[in-house]
Amino acid sequence: MTTKTATEFEHRSLSPLNATWAIITVALALASHLRHLPIWISVLSVLLLLTRYLLLFRRPVRSLKLLLGVTAVASISGVMLQYGTLVGRDAGVALLALMLSLKVMEMKQIRDAMLAIFLSYFLVMTSFFFSQGILVSLYGFSVVVLITGALSALNEGKQTTSLAYKLKASAGMFAYAIPIMLLLFVLFPRLPGPLWAMPQNRHSGITGLGDEMTPGNISQLIQSDAVAFRVTFDNTPPPARDRYWRGPVMSSYNGRSWRMVRSGILTDTEQFLSSRDLFNYRITLEANNKSWLFALGLPVTHPQGTAINTDFMLLSKKPIDKKFRYEIESSLDYIIDEELTSKSRAQNLQLPAKTATRTRRLVNEWRGSAQSNSDIVNQALQYFNSNPFVYTLKPPLLKKDPVDQFMFETRRGFCEHYASSFVVMMRAAGIPARVVTGYQGGEWNRLGNYILVRQSDAHAWAEVWLTGKGWVRVDPTAAVSPDRVELGISNALGDEENLPFFVRAGYSNSIVNRLSLLWDSANYRWDTWVLGFGPEQQRALLSRLGLDNPGWRHLIYGMIIGLVSLLSLYALLFAWHYRNARIDPLVKLFHQFSAKMTRQGIPPQPYEGAIDYGRRVSKTRPELALPVQRITQLYSHLRYGKPCGPGPADLQLLKKLVRALQI
Amino acid sequence: MSLVSALNIKQSFRKRFADWVTRHHRVVARETSLNRRRLYILPTSYGLYFASLLILMLLAAMNYSNSMAFMLTFLLAGIGHNAMWYTHRNLLNLQITKGNCAPVHAGDDASFKLTIYNPTAKPRHAIVLQWEDHEYTCTDIPAGESVHVDLKVHASKRGRLYPGRFKIYTRFPLGMFQAWSWVNFDMSCLVYPSPVQSSHSPNVSASGEDGEEQRGEGRDDYNGMRSYQASDSPRHIAWKVAARHEDLLTKQFSGQTNTEIWLDWQQLQDLDIEQRLSILCHWILQMRTQQQRFGMRIPGFTAEPAMGEEHEQRCLLALALYGNHDDQQIIA
């Protein structure tokens, strides 16, 4: 018990212990940002917190206020210089981190610490704007338990409880909050899209296919085990050799690099179908900041906000700046562009003059003997197959005329070399052809029943236009290394390639791989059920519950009804909890005693106290006098005589006496 | 100035609100239990800050369509909701028993000794008792135990102090909610006048004689010291002691005559009632420290010269309740 001089409980001053709590929570909240904050901000924040901690053991420093003011101004200018703005995600978080550290520096009263702790909650939330992975989320939520514990430390009396006690109380509140959280998460109406424009500073260093292909691009991408996308199929997925995930289609060539060409939008793709065998699947695409999506073969239906262009690419209206989940139907049995427009023909025959002269000469020889365009295609593939071409991740550097040099000199290359030179050969022979980049294959995750496509599955192949058949896919890499297409990249490259471990042969059966598949499967479920939960999923859930055409009105009703029932349940639960806890153990024991006596025909009278009752019992039953008087005297002593009430040992003794009273 | 009046308005509003809420409450004789009906709970200013923070977080989550931000916002909303129950539970079913209060002098703080018993299996933390806007007392009560608490009440004037309604509240664990109850015990504390020093000194007379001119203290035998009064002879001042003490002390000598000291109302004629009472009070305290026999005469009350605590307290009681007709019989 303590008496303080301040007359407002609210304005208590901050004890060193509580200040330490506040410093620790702010530090933990800050730690979730250290990965992406500029180094000077991290260092400054940590220094400020550390200084505050050390100042706890010193007398107050008088010039601190001035110093803090200067630091605040310097911090704001620093953030301004670093980001060119004070708003937006990155600059906002940097500013918040610095201001929070400064707030910690100048906290004196409980209320300052409370404010700092509230802001720590906010800081934890902003860390989810950078990553929402399982580990980051786990960390964030653990910090929330600690922050809540610190909050309860601030509101304690002078007698402090143990750390474990605080954390237990905090975890209790946390646990009871989970049902409320889930209910609101599922039923709180979600609005599509941002409420205000966000500065475009997200996802700067993301790997993935580009809109340009130069030999060397893709072999670099192979080094990354980052996930490109994950796919679940409604029915059996096509075999690996048919899993060509089409991405950017490139028909413009400058002698070295391939580029995409702007093309029109198709309204209907069903006209190209040869059969109605469709694959229905869902893709969860990682953010890539590009505006194209990947699909198998010919996409038939396309998700909202996307379109199919005349190169049969699936395009999104805005760049994919965060995980995007879409459902799509594709056909692998189609004839597209039976008639080629003259514009398209010209584009797909375009070759810069004075390039690949030796290759052109070679193709002209074939032209003479070939019966049809298909023969020339086969001739070219045969050429790769019969000459000593090697499929390798480390091709020699190509200089002036890359195609000629590759075709006749180095003969060592990766998929982009084969695709590129094949298309050049076709165009030289007068066959419209183009390069297609995308991903090939993908790993089947048995645990999650989905296909995991990594950046290392990036691939490049060719499409040629043949009369009567339209655009036909030709993969020249398969002519050199059939394993690449059949078995995947890890089996196609030799051991001497010094590959990253995850593409090495034998990796797929190792424990490491099994663990990584498990982890990826957990991530996928997380992405699908938690992170991907948005307006559409909400609508789908409601229609599964039997609502036709559910709108936000239904969501609000559902949320209110759900919340009211849940909170009423809580009210009952807590009330029940109290009822059980309310009985005074001492009174309970005395009741047991008087019940025993009542059975003997000596009930207690309302006017008499415990001692008088004991005397009366002793008179009627002298043989019980000793134990009964011991009980009644102990009871009144415990009830009225002890200044601090009965302790556990006292209760135990009384219990023993009451039990021992055998009648 | 305006700040002060704003504070006054706030206080009077609070008081009126409390009056309105407790209008059906009865004065409790001895013991009360804080049951559900008597417990109130409202968000504190921190609770409101927290609510605004949640709205801000919700907007941010919506703007970035960020699932985990939604999760965290809703989780914190749930934690806030649970904190309400925890706070309520922290105060619920506590039993408060009124206790005694030692008499104090006007201007001092009376402390009423209350006992709070926690009959439940849950420990209670940071339970605050506060009377009006006076100094608060904060305590923790372990499960199944009792704690004695001093409720500080400012005794502004002499007489019988009825503190009336006081507040018991808690903000534990998160400070976002305040659960409280008003308790109005039938208890009071005796407030003696505040002692005031004056140039007057008690009337000293030889017993049974008209010895108005005779000074009480003879010059024969040294009989201790008392504090200096303006009428004392400088020869009797204990100069050696004065070098060590701030106050001047006068040496006393007991003569052959049997002297009596009367603390007499009539002696303080030029002063108003409260001043007289304060001076008489000061004299009583002085007599106590000097271990002197004294008698006291005030209108309606006379105490024959005597010594001892009982006598002193009877006199002080008479001073405290002077003019209070309800309490006259206690004095007599």
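Remember, it's a predicted structure, so these values are computed and weren't measured experimentally.

Asker: Sorry if this is basic, but what is going on with the environment of Ser636 of chain A here?
Answerer: All names here are of chain A. Take Ser636: it is sitting in helix α22 (residues 625–641). A residue is classified by how much of its surface remains accessible, and Ser636, at 13% relative accessible area, is buried. Residues Ser636 and Ala610 lie 26 residues apart in sequence; the distance between their C-alpha atoms is 6.4 Å. Once residues lying within four places of it in the same chain are set aside, the contact partners of Ser636 are Ala610, Ile611 and Gly641. One polar contact links the side chain of Ser636 to the main-chain carbonyl oxygen of Thr632, over a distance of 2.7 Å.

Asker: Can you help me understand the packing of helix α6 (residues 134–154) of chain A against helix α17 (residues 511–531) of chain A in this one?
Answerer: For any two helices packed against each other, the geometry comes down to the angle between their axes and how far apart the axes lie. Residue and element names in this part refer to chain A. In contact at an axis separation of 10 Å, α6 and α17 are set at 70° when each is read in the N-to-C sense. The angle between α6 and α17 places the two elements in the roughly perpendicular class. Facing α6, whose interface residues are Ile134, Leu135 and Ser137, α17 presents Trp519, Ala522, Asn523 and Trp526.

Asker: How should the nonpolar core be read in this particular structure?
Answerer: As a rule of thumb, soluble globular proteins bury nonpolar side chains together. By size, the foremost hydrophobic cluster in this structure holds 91 residues, and its most contacted members are Phe118, Tyr121, Phe141 and Val144 of chain A together with Leu72, Leu75 and Leu76 of chain B. The leading source of residues in this core is helix α3 (residues 67–91) of chain B, at twelve residues. Discounting chain neighbours no more than four positions away, the residues touching Val144 of chain A are Tyr121, Val124 and Phe174 of chain A together with Leu72, Leu75, Leu76 and Ile79 of chain B. Leu273, Leu340, Ala356 and Ile376 of chain A belong to the second largest nonpolar core, which has 86 residues in total.

Asker: What am I meant to see in the sheet that holds strand β3 (residues 227–233) of chain A here?
Answerer: Strands belonging to one sheet form pairs held by backbone hydrogen bonds; the direction of such a pair is parallel or antiparallel. Residue and element names in this part refer to chain A. A sheet is described by the order of its strands in space; here six strands give the open sequence β10-β13-β7-β3-β18-β17, paired in antiparallel fashion. The sheet is open, and its two edges are formed by β10 (298–301) and β17 (443–445), each paired on a single side. Taking each pair of neighbouring strands and ignoring which way they run, the sheet shows an average axis angle of 40°. With eight bridges joining them, strand β7 (residues 278–285) and strand β13 (residues 324–331) adopt antiparallel strand pairing. Looking across to β13, one finds that Phe279 is bridged to Ser330. Its contacts with the sheet place α17 against β3, β7, β13, β17 and β18 (450–454), and it is angled at close to 75° to β3.

Asker: What am I meant to see in the pattern of salt bridges here?
Answerer: Close approach of charged atoms allows side chains with opposite charge to pair. One pass over the structure, following the stated rule, counts 19 salt bridges over all chains. Note that Asp612 of chain A and Arg615 of chain A form a salt bridge whose closest N and O atoms lie 3.3 Å from each other. Taken together, the residues Asp612 of chain A and Arg615 of chain A, both in helix α21 (residues 610–620) and three residues apart, mark about one turn of the helix. You can call Asp612 of chain A partly exposed: its relative accessible area is 41%. A salt bridge links Lys113 of chain B to Asp150 of chain B; the nearest nitrogen and oxygen atoms lie 3.1 Å apart. Here the residue Lys113 of chain B occupies a position in strand β5 (residues 109–117), and Asp150 of chain B occupies one in strand β8 (residues 146–154), the gap between them amounting to 37 residues. A residue is classified by how much of its surface remains accessible, and Asp150 of chain B, at 17% relative accessible area, is buried. Here the salt bridges share partners, and the residues they tie into one network are Arg230, Glu286, Asp520 and Asp527 of chain A.

How each quantity is defined
Residues numbered from 1 in each chain as written. Chains lettered and ligands numbered in written order. Predicted model: local features only at pLDDT ≥ 70, side-chain atom pairs only at ≥ 80, totals over all residues. Heavy atoms only, no water. Helix = DSSP H or I, 4+ residues; strand = E, 2+ residues; numbered from the N terminus. Buried < 20%, exposed > 50% of the residue type's maximum accessible area, 1.4 Å probe, protein only. Contact = heavy atoms within 4.5 Å. Polar contact = N/O pair within 3.5 Å; in protein donor to acceptor, adjacent residues only side chain to side chain. Axes fitted to C-alpha atoms, helices over the stretch in contact; angles between N-to-C directions. Parallel < 35°, antiparallel > 145°, perpendicular 65-115°, else oblique. Core = buried A, V, L, I, M, F, W, Y, C linked by side-chain atoms within 4.5 Å. Pairing = 2+ DSSP bridges. Salt bridge = Lys/Arg side-chain N within 4 Å of Asp/Glu carboxyl O.

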